Amino acid sequence: MAAVSWREVLLLTGLVVGCYWNSLSCGFVFDDVSAILDNKDLRPSTPLKNLFLNDFWGTPMSEERSHKSYRPLTVLTFRLNYLCSELSAASYHLLNVLLHALVCVLFLRVCRLFLDHRHSLVAALLFAVHPIHTEAVTGVVGRAELLSSIFLLAAFLCYTKSTSPQRSIVWTPIALTVVLVAVATLCKEQGITVVGICCVYEVFVAQGFTLPLLLDTVRHLVLGKDGFPLALLQTLLKLMVLVISTLLLVIVRVQVIQSQLPVFTRFDNPAAVSPTPARQLTFNYLLPVNAWLLLFPSDLCCDWTMGTIPLIESVLDSRNLATLLFYAALFLLAFHSLRHRHGSAKTVIMALSLMVLPFVPASNLFFPVGFVVAERVLYVPSMGFCVLVALGFKVLCQKGVLKKLSWLLMALLLSTHAVKTFYRNWDWESEYTLFTAALKVNKNNAKLWNNVGHALENQNNYMMALRYFLQATRVQPDDIGAHMNVGRTYKNLNRSREAEEAYLVAKALMPQVIPGKKYATRVAPNHLNVYINLANLIRANESRLEEADQLYRQAISMRPDFKQAYISRGELLLKMNKLMEARDAYLRALDLDKTNADLWYNLAIVHIEMKEPREALTNFNHALELSPRHKLALFNSALLMQESGDPKYWPEANRRFLLYVEEEPQDANGYFNLGMLAMDANEDEAAERWMKKAIRLQPGFRSALFNLALLYSQAKRETDALPALDELLRHHPEHIKGLILKGDILMNHKKDTQGAKVCFQRIIALDPGNVQGKHNLCVVYFEERDLPRAESCLVETLAMAPNEEYVKRHLSIVRGKMAAMSAAGQPLKTQPREGATAEEEEEKQATEAEEEGEKQEGSGANANGKQKNGRKLAKEASSPEPRRGLDNGQAADARRTKAGGKSAKDINDIEEKRAAALKRLEEIERLLSSD
C-alpha cells in the first residue's frame, strides 16, 4: 500500500479550501439553529454529562419528543467551538472544511488499497469537489457525517492490518478497530456500518473468496468432505469478534434510546405512513433518486420532505422503471465482482460495500427515518461512487483511442463539480437564500414555503412572511404547522380574529383521540403547541381565561409529559390568582425537567405572590445553581434580599445586582437598586454614582431622581438637590413628594417663599386632602406675615386631620401671635407688593401656580407609563413548525420584573423614613415660634 505524499495532502487540502472558502461567510441556517443556537449543551454552564444524556439537539433522550439521535462526541466539538468563539459561525465552518480535507486524505489512503497511485488520486479529487457534499460540509450539523467518516475510515484502515505477513491474526489492530467503531458511532449512528465493510474486505479481498468458491467451501464443510482450514478458522474468529462487538454496540444504543423509535409524521416522511404497496414502491424508488443525485448533482435541495417526491401508489407508475434499472445495474455489478478474483472485481465489491452498507440505515427499507432524501447522508456512500468512477476512468484510459478524451472529460467533470460546489455554498449564506434556492428546485414542498416565511419573519417582514405561510397551506392543506405559522403571523400583525381562525383550523386537523391508542405516536410533539398558542391568544381576553385553561388541560391530557403545557398553565393560573394550582403546575413541570432554571424561577415567583419569601429565595437559588447568569433570577433574588431589610443579605444582593448589570448593562433598574442598597448602607458616594448611572440610561427615571435629590438633601447639599428635583418635576409634575421636598428646600434654605408657595399650591391642586402639603402652605402664609390666612389655613388643615397635635399647637401659636399684635395695635397682615391689592396678589399667585402646574402636566403626561411594577414569568420555546423547535410567539420572555426596582408601597415606606430625616416639625415649629 503506497503512502500518501505531502504533495498529495497539500493538493487535496488546497482543493478543498478553494471550493469551500466562501462557506466561512455563511451563518447558522436550517438545522444549525436547533443544534447550535438553541442547544444549551454547548454552553459552559451546562454539565458535560448532559452531552451523554441528551440527543443531538439537546433534548433529554428519556423524553418522547427526543429525536433519538445520539451523537455526544459531535456535540462535544460544537462545545469546543463555543469555548473558542462562542457563536461566531466562521469558526464552526472553518473546522468543517478542515475535517473534510482530513476525510479526503484518509479516503485517498483507502483508495490506495484497491486502485493504483494515479486513479486513487482521481477518486479522492472527485470526492473532494463533489457538490453533494455541500450540505455535509457547509451545513454545520453535517459535522456528524465528517467526524463519523474520519473514524469509519480509520477503523477500516486499522482492520486491514489485522493479518500479519505470516497470515496470522494480529489482535491489536482488531481491538483498535472496535474502539474506533464505537467512536464513529458516537459521532453518528451510521459509523457502525464499517463493521460490514470490514467483513466484506476480510472475505472477498483479504481471503480472496469469490461467491462460487465461498459457496463451494460452505458445502464441503457441511458435508464434512474436508477438514476445517486454518485460514477459514481465523477468518471466522475475526468476524465473530466484529459481529459480537457490533451487537454489543447495538444493545447499548437501544438502551440509550430506551427502546423507543423517534416519532415521525407523514409530513416528515409521507411514505412511512402509507399503505402497501405505496410504501414499498416509494421507498425502493428513493434508491435510484439518490443514485441520480450522485451521478448528476444539478438540482440540489436542502429539504426533500413532504410533497417533494410524490408517492408511487401503483405498480403501473412509470417511475418504477427507474427502480428496476437501478436494481439491475446493482445486481450486474455485484454478480460480476463476486464471480472473479482479479483486482477490478475486488475494487468493485469494495466500492459497492462503501455505497450500500453506510446507506442502509437511511434507506427507509428496514425502519422509517425522519426524511425522504437527505444529501448529507450520501457523504460516505459517495466514496464508493467515486471509486467506481475512478475505476471506469482507468478502464477508458487503457483504450488508446479514448485516453486523451477520457482525461479531458475527467478534467471537465472535476472543474464543473468544483464550480458547482463553490456556488452552491452561497445558498447556505442565510436561511432566506437557502430556502429560496430550494424553492427553485421544488415548489411542492410546504416545508420550504414555511421556512422562507420563517426567514422573513426573523427579519420582522410579517406581511411577506404571511404570503409564504399561506402558500404553504395551499400546497399542503393538511399541514398543521403551516396553519399554526399563519396564526402566529396574524398575531404578530395584531389581527387576533384571523389568528384565532387559523389556530382553530390547525386544531381541527389534529388526530382525534382514540380510546386505548397512544396519542403521541400519531402526531409530532410540536403540533401540540396549537393548544398552547391558541390558549395564549385568547387569554388576553379576561372573560376567556377558563377557556384558555381548558385548552392547556386538553394538551396535558393528550400528552402527560408535555412540559410546556404545565408551564403555560402555571402562568395562567397565577394570573387567575389560583396560586396553589399554579404552584402544582410548576412542580409537575419540574418533575419532568429538574434542570430547567426557568421553571425554578417561575416557581419562585409563585411563592412571592403567596407571601412566602423564604421559599421564593430557595427557588431563585436553585435557578442560579443551574444557570449562574440567569438574569431574571439574579435581579429578583437580589431585590428580595434587599426588601428583606436584613443587612446580612446586602453583600450578596449587591453581588447579584453587579452580575445583573454585567448581563444587562443598559437596564437602569440594576444601577438604581445598587444605589438603594448603597443608601441603606450609608455609602453616599456609591449611591450617588449608581443613581446618576441609572438616570443617564433612563432620563426621567422617577425613583432615581427623587432618591438622588433626597440623598443630596440628607447630605446638606440642597444646591445639588434642586436640579435633580427640577428634572424630576419636569418629567413627573404630579410627583407630590418631590414637590414637598422642593418646597422645603426653597422655603428653609433658599428663603424663596414664593417658589415654595407654588410647590405647595400645586400639591393641594393635585391632592386636596394632602395634610403635609396643606400644612406647609400654612407655614408659607405665616412667613408672608399673612396671619389671618395662616389661621384660616391651619383651621382647614385641622379639619382634615383633627388628631394631629402639631397642627393644634401651631394654630395656637398663630392665634397667640395674632392676639398679641391686636393688643399692640399692629396690623395683622403685611402689605402686598407695591401697586397691587391683596386680592390681586393672591389671584395672581394662584393663577401662576395653576399655569405652572398645567405646563408641567403637559410635559410629563405619559411619564407614569414607564414605571410599571410587578414580576414577569420566564417562558420556554416552542414551535409549531417541524424544523426549528422555536415558535416566535412562544419565545422566552426574559425581561426585568420591576421597572422601578421597588413596589409602590415599598417606595412610600422608604420615602416616609427619609422624610423623618428632614426634621420638618422642628423647622416648622422654629418658624412659627419666631418673631
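Note that the coordinates shown come from a computational prediction; the quantities given were computed from them, not determined experimentally.

**Examining the overall build of the protein chain**
Piece 1. Counting its regular elements, the protein chain contains 41 helices and 0 strands.
Piece 2. In the protein chain, which comprises 931 residues, the share counted as buried stands at 53%.
Piece 3. Split by element, the accessible area of the protein chain, about 41,000 Å² in all, is 59% carbon and sulfur.

**Things to note about the nonpolar core**
Side chains of nonpolar character tend, in soluble globular proteins, to be buried together.
Piece 1. Counting 168 residues, the largest nonpolar core has Cys302, Ile309, Val373, Tyr531 and Phe620 as its most contacted members.
Piece 2. Considering every element that reaches this core, the biggest residue donor is helix H26 (residues 597-609), with 9 residues.
Piece 3. Core analysis: the next-biggest nonpolar cluster, separate from the first, contains 79 residues, Ala101, Val110, Val137 and Leu239 among them.

**Quick word on the confidence of the model for the protein chain**
Piece 1. Confidence in the prediction of the protein chain, expressed as mean pLDDT, is 84, and 85% of residues score 70 or more.
Piece 2. With pLDDT under 50 throughout, residues 831-921 is counted as low confidence; its partners more than four residues away or in other chains account for 204 contacts.

**Describing a nonpolar patch on the surface**
Piece 1. Residues Leu396, Val401, Leu402, Leu405, Leu408, Leu409 and Leu412 make up a contiguous nonpolar surface patch of about 670 Å² in total accessible area.
Piece 2. Sort the elements by how many residues they give to the nonpolar patch and helix H16 (residues 400-426) lands first, with 6 residues.
Piece 3. Mapping leucine 405 onto the fold places it in helix H16.

**A word on the environment of methionine 240**
Piece 1. Within the element layout of this structure, methionine 240 appears in helix H11 (residues 230-256).
Piece 2. Sequence spacing of methionine 240 and cysteine 199 is 41 residues, and the spatial spacing of their C-alpha atoms is 9.8 Å.

**A short note on the packing of aromatic side chains**
Piece 1. Under the defined criterion, the tally for this structure stands at 21 aromatic pairs.
Piece 2. Geometrically, the ring pair formed by phenylalanine 331 and phenylalanine 335 is stacked, given 5.8 Å between the ring centres and 20 degrees between the ring planes. Note that phenylalanine 331 and phenylalanine 335 are positioned in helix H13 (residues 320-339) at a spacing of 4 residues, about one turn of the helix.
Piece 3. An angle of 35 degrees between the planes, with centres 5.6 Å apart, marks the rings of tryptophan 449 and tyrosine 468 as tilted. Pair noted here: tryptophan 449 is in helix H18 (residues 446-458) and tyrosine 468 is in helix H19 (residues 462-475), with a separation of 19 residues, a long-range link. The burial state of tryptophan 449 is the same as that of tyrosine 468; both residues are buried.

**Regarding empty space enclosed by the protein**
Piece 1. Under the definition given, this model contains 5 cavities of 30 Å³ or more.
Piece 2. Considering the residues around the largest cavity, the lining is formed by Val29, Phe30, Asp31, Asp32, Glu135, Gly139, Val140, Val141, Arg376 and Trp428.
Piece 3. Looking at the lining of the largest cavity residue by residue, the classes come out as 5 nonpolar, 1 polar and 4 charged.

**Here we look at the packing of helix H4 (residues 89-111) against helix H7 (residues 143-159)**
Piece 1. Running from N to C, H4 and H7 cross one another at 25 degrees; their axes reach a closest spacing of 9 Å. Regarding the angle of H4 to H7, the classification is roughly parallel. In terms of crossing hand, the pair formed by H4 and H7 is left-handed. Facing Tyr92, Leu95, Asn96, Leu99, His100, Leu102, Val103, Leu106, Phe107, Arg109 and Val110 of H4, the residues of H7 in contact are Arg143, Leu146, Leu147, Ser149, Ile150, Leu153, Phe156 and Leu157.
Piece 2. Considering only residue class, the contact of H4 with H7 consists of 14 nonpolar, 3 polar and 2 charged.

**Remarks on unusual backbone geometry**
Piece 1. The omega torsion across threonine 276 and proline 277 is 5 degrees, close enough to zero to call that bond cis.
Piece 2. Of note in the backbone geometry, asparagine 460 takes a positive phi value of approximately 65 degrees without being a glycine.
Piece 3. Topologically, asparagine 460 is positioned in the loop between H18 and H19.
Piece 4. Assessed through its relative accessible area of 55%, asparagine 460 is described here as exposed.
Piece 5. The backbone phi angle of arginine 785 is positive, close to 65 degrees, even though this residue is not glycine.
Piece 6. As for its placement among the helices and strands, arginine 785 is situated in the loop between helix H36 (771-783) and helix H37 (787-800).

**Observations regarding the state of the cysteines**
Piece 1. With the rule as written, the count across this model stands at 1 disulfide.
Piece 2. Each sulfur in the disulfide pair cysteine 778 and cysteine 793 lies 2.0 Å from the other. The disulfide joining cysteine 778 to cysteine 793 has a torsion of about -80 degrees about its S-S bond and is therefore left-handed. Taken together, the positions of cysteine 778 in helix H36 and cysteine 793 in helix H37 put the pair 15 residues apart, joining distant regions of the chain. Grouping residues by exposure puts cysteine 778 and cysteine 793 together as buried.

**Some details on the side chain of histidine 130**
Piece 1. Here histidine 130 shows up in the loop between helix H5 (117-129) and helix H6 (134-138).
Piece 2. Within the local environment of histidine 130, its side chain forms a polar contact with the backbone oxygen of leucine 294, the two atoms lying 2.9 Å apart.
Piece 3. Each residue touching histidine 130, except ones within four places of it in the same chain, is listed here: Tyr20, Leu293, Leu294, Pro297, Phe385, His417 and Thr421.

**Considerations on the pattern of salt bridges**
Piece 1. Taken as a whole and assessed by the stated rule, the structure comprises 44 salt bridges.
Piece 2. One salt bridge connects glutamate 571 with arginine 539, and the closest N-O pair in it is separated by 3.0 Å. Of this pair, glutamate 571 sits in helix H24 (residues 563-575) while arginine 539 sits in the loop between helix H22 (529-538) and helix H23 (545-558); the two residues are 32 residues apart in sequence, bridging distant segments of the chain. No difference in accessibility class separates glutamate 571 from arginine 539, as the two residues are buried.

**Digging into the side chain of histidine 607**
Piece 1. Structurally, histidine 607 can be placed in helix H26.
Piece 2. Overall, histidine 607 belongs to the buried group, its relative accessible area being 8%.
Piece 3. Excluding residues that lie within four positions of it along the chain, histidine 607 makes contacts with Arg583, Glu612, Glu615, Ala616 and Asn619.

Here is what the cut-offs are and how they apply
Residues numbered from 1 in each chain as written. Predicted model: local features only at pLDDT ≥ 70, side-chain atom pairs only at ≥ 80, totals over all residues. Heavy atoms only, no water. Helix = DSSP H or I, 4+ residues; strand = E, 2+ residues; numbered from the N terminus. Buried < 20%, exposed > 50% of the residue type's maximum accessible area, 1.4 Å probe, protein only. Areas by Shrake-Rupley, 256 points an atom, 1.4 Å probe, with all protein chains shown as cover. Core = buried A, V, L, I, M, F, W, Y, C linked by side-chain atoms within 4.5 Å. pLDDT = per-residue confidence, 0-100. Contact = heavy atoms within 4.5 Å. Patch = residues over 30% accessible without salt bridge, like charges linked within 9 Å, V, L, I, M, F, W, Y side chains within 5 Å. Salt bridge = Lys/Arg side-chain N within 4 Å of Asp/Glu carboxyl O. Phe/Tyr/Trp six-rings, centres within 6.5 Å; stacked < 30°, edge-to-face > 60°. 1 Å grid on protein atoms, 1.4 Å probe; cavity = no way out; pocket = protein on both sides within 12 Å on 5 of 7 lines; lining within 4 Å. Points joined across faces, edges and corners; volume = space filled by probe spheres on them. Nonpolar A, V, L, I, M, F, W, Y, C, P; charged D, E, K, R; others polar. Axes fitted to C-alpha atoms, helices over the stretch in contact; angles between N-to-C directions. Parallel < 35°, antiparallel > 145°, perpendicular 65-115°, else oblique. Left-handed = near helix turned anticlockwise from the far one by under 90°. Disulfide = S-S within 2.5 Å. Polar contact = N/O pair within 3.5 Å; in protein donor to acceptor, adjacent residues only side chain to side chain.

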